[in-house]
Amino acid sequence: MGRYVLRRLIQAIPLLLGITVIAFAILKVTPGGPLAAYEANPDFSFADQQRLEHALGLDQPVPVQYAQWLIRFFAGDWGYSFATSQPVLSMIGQRLPNTLWLMSTVYIVTLLIALPIGVLTAVKQYSWFDHIATGATFAAFSMPTFWLGLLLIVTFGLTFRLLPLGGMLAPGAPFTVGDLARHLILPVATISLVQVGVYVRFLRASMLETTSQDYMRTARSKGLREGVIISRHALKNAAIPFVTVAALDLPELFGGALVTEQIFGWPGMGRLFYDSALRSDYPVLMGILVIGATVVIVANLMADVIYGFLDPRIRYS
Amino acid sequence: MAELAADPIRRAAPTYRERTQLGMAFERFREHRLAMAALLVVVALALLSAFVPVVSPYDPNKTNLFQIFESPSIAHPMGTDSLGRDLATRILFGGRVSLAVGVLAALLAITVGAVVGVLAGFYGGLVDGLAMRFVDILLSIPRLFFLVLLAVLFGGSVLTIILVLGFLSWMRTARIVRATVMSLKGREFIEAARSIGARDLRIMIRHLLPNTVAPIIVAATLGVAGAIIAESTLSFLGLGIQKPTSSWGNLLTDATTDMAKAPWTAIFPGLAIFLAVVSINFVGDGLRDALDPRHVLRKR
């Protein structure tokens, strides 16, 4: 097992390198760039431009720039933001925990809601509960995240004034967990509702597949209690494909966070990425892309490991 | 041999219509009431958007400062916006852009996906290895981050948004097609085609691609829904379709400032997206059931 994980981690290195090459190439090949904003300025002379290009290292050939970036990256120097001159690592370091707070809450809430609904819809197939839940989930996952966010703001923020419209903490107030929780409710609800739709749909399908298997009849004929049959036999087998989906969905969730952070003014990595994209702040963009890709790769690896735990027939070699 | 055997049978039973795979799938689809209803909604939305100048008496860009933020009424079924423009008309004009972008981006995505998938599956080896590593890389970057980046870099015209969405959405189709082709290419009918001298290209186009049509159709349909959501998200963020061209997404950008005074500006454009996406997803679901050869007939 340990060796398998190690080998997968080693395999991830060329993948990550490939991602950095492609991201770097896209940023370099396309028009615009960090100096585009200055070019319209009549006070900005050609000499100024050359001086700035030299200072930012933009006058070097692209492969050289990439190699320099890569070497420094591994040395822990992720460069400095073109826009704020702050070190990229510390900028991301300030934002990453906020995004992780949001995401982990979303993940837990989503699973807590989706698991029981998904199981129940399959166990009580074609009941009224199943019909309502299936219809609702279909609607939920066809919902554009940002629209749902707007509707929640209109309803709970503007009309009933129950919850804050945005931000992470009340401005000026001392930090309290309650305040953070109040600010979390709407963004978490926005992403979770859509995500619950995806998960319930998938869980229902894979539960239906397992409940029609022969070993279910065997378990019943042994006289096992229904609860044990569902949880030990059906759910555990249905969870195998579900784990993969839940892990592969992580990048989508990250994307959802970008939009949600934008709508709710949540000071996370998604907003940092959005702002940096508008400013062509390449060092920050590269840093966030690498982190995003790392999260995806680690999630895939975790899915495979959990897979092996749930299904002992799979042997890692 | 085959002709000799088939002929008398056909002549003996002339009343039986020949049933093709796709014909049977279409019949199964028609029995799927929910999917048929959804298809009607999609067609209605598309027709209304296409013929909006005939349907609506309003000019989508004509401002009327005496009718700012009118709530929905018979004259303005979805109200008016901050400049007194008729929201329903603007939504239908936006639908032209949003639906067209969705369909064209999905078509581009499945074309690229099918070509890459067939080539990778058919040739295997280095071609396959390179193509699939490239797919891995593209799938490892959170999609919306990638979309935001490309939309900023290439600018938000209708054409660039179609290209960006299309070239970032082909990977899953490629994987599905590749897997199907790999499982088919060792079968006898491919060997038979090769033995009568068919070249690679002919085998791929005439023999392998038609067998991947079912998953491609489903992927394309669901792809349209995905592309509509992606386009509207980008446009909402101000990175997609730029004004004065309206799309469902950038109509909602205005709503962020207007919704306190006029909640309908936030509700109706989103409702249009939701209606389109939910209907297309239902159609895709129905198609999946209809095209699946292991399909179990069940009325809904």
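Residues numbered from 1 in each chain as written. Chains lettered and ligands numbered in written order. Predicted model: local features only at pLDDT ≥ 70, side-chain atom pairs only at ≥ 80, totals over all residues.

**Quick notes on the overall build of chain A**
Heads up, the condition is: Think of it this way: any DSSP run of H or I at least four residues long counts as a helix, any run of E at least two long counts as a strand, and we number them from the N terminus. Buried means a residue has 20 or more other C-beta atoms within 10 Å of its own C-beta, exposed means 12 or fewer, and partly exposed covers the counts in between; C-beta atoms are placed from the backbone. A pair of residues counts as a contact when their C-beta atoms, built from backbone coordinates, are within 7 Å of each other.
A count of helical and extended segments in chain A gives 13 helices and zero strands. Going residue by residue from the N terminus, the α and β elements of chain A occur as α-α-α-α-α-α-α-α-α-α-α-α-α. Taking all 317 residues of chain A together, the buried fraction comes to 34%. Sequence-distant contacts in chain A: of pairs separated by 6 or more residues, those separated by 24 or more amount to 72%.

**Topic: the packing of helix α6 (residues 125–140) of chain B against helix α9 (residues 171–184) of chain B**
Relative placement of two packed helices is described by the angle separating their axes and the distance separating the axes. Residue and element names in this part refer to chain B. To keep things clear, this is the line we draw: Orientation is described by lines fitted to C-alpha atoms, with helices fitted over the stretch in contact, and by angles between N-to-C directions that extend from 0 to 180 degrees. If you view the pair so one helix is near and one far, a crossing is left-handed when the near helix is turned anticlockwise from the far one by less than a right angle, and right-handed when it is turned clockwise.
Relative orientation of the contacting elements α6 and α9 amounts to 145°, with a least axis distance of 10 Å. In this structure, α6 meets α9 at a crossing whose hand is left-handed. Seen from α6, the contacting residues are Val-135, Leu-138 and Leu-139; seen from α9, they are Met-171, Ala-174 and Arg-175.

**Brief notes about helix α1 (residues 2–29) of chain A**
Selection rule: Given a helix with a known number of residues, its expected span is that number minus one, times 1.5 Å.
Compared with the 40 Å implied by 1.5 Å per residue over 28 residues, the 41 Å span of α1 of chain A between its first and last C-alpha is a close match. When we look at burial in α1 of chain A, the residues that qualify are Ile-19, Ala-23, Phe-24 and Leu-27 of chain A. Looking at the buried residues of α1 of chain A, the elements they touch are α4 (62–74) and α13 (282–310) of chain A together with α6 of chain B.

**Thoughts on the domain arrangement of chain A**
Residue and element names in this part refer to chain A. We count it as follows: Per the annotation, domain bounds derive from an automatic or database assignment of domains. The residue classification treats Ala, Val, Leu, Ile, Met, Phe, Trp, Tyr, Cys and Pro as nonpolar and Asp, Glu, Lys and Arg as charged. All others, Gly included, are polar.
Domain boundaries in chain A define domain 1 (2–74) and domain 2 (89–310). Placing the centre of domain 1 and that of domain 2 at their C-alpha centroids yields a distance of 33 Å. Contacts between the two partners involve 15 residues from domain 1, matched on the other side by twelve residues from domain 2. The greatest single-element share of the side of domain 1 that touches domain 2, amounting to ten residues, is contributed by α1. Among the residues forming the side of domain 1 that touches domain 2, the class breakdown is eleven nonpolar, three polar and one charged.

**Description of the nonpolar core**
The following threshold applies: Residues enter a nonpolar core if they are buried, belong to Ala, Val, Leu, Ile, Met, Phe, Trp, Tyr or Cys, and are joined to the set through C-beta atoms within 7 Å.
Counting 155 residues, the largest nonpolar core has Phe-273 and Leu-285 of chain A together with Leu-147 and Val-148 of chain B as the members making the most contacts within it. When residues of this core are assigned to their parent elements, the largest contribution, 18 residues, is made by helix α5 (residues 87–123) of chain B. Beyond its immediate sequence surroundings of up to four residues, Val-148 of chain B is in contact with Leu-258, Phe-273, Tyr-274 and Ala-277 of chain A together with Leu-237 and Leu-239 of chain B.

**Quick notes on the environment of Asp-81 of chain B**
All names here are of chain B. You can see Asp-81 is positioned in the loop between α4 (52–55) and α5. Residue Asp-81 is classed as buried on the basis of its C-beta count, with 24 C-beta atoms lying within 10 Å. Distance from Asp-81 to Trp-264, taken between C-alpha atoms, is 8.8 Å for residues 183 residues apart in sequence. Residue contacts for Asp-81: discarding those within four places in its chain leaves Leu-87, Asp-254, Asp-258 and Thr-265.

**Looking at unusual backbone geometry**
A cis amide bond links Lys-243 of chain B to the next residue, Pro-244 of chain B, at an omega of 10°. Structurally, the position occupied by Pro-244 of chain B is in the loop between α12 (213–236) and α13 (248–258). Notably, Tyr-126 of chain A is not glycine yet its phi reads approximately 65°, a positive angle. Within the fold, Tyr-126 of chain A resides in the loop between α5 (88–123) and α6 (128–141). Given 9 C-beta atoms within 10 Å, Tyr-126 of chain A falls into the exposed group.

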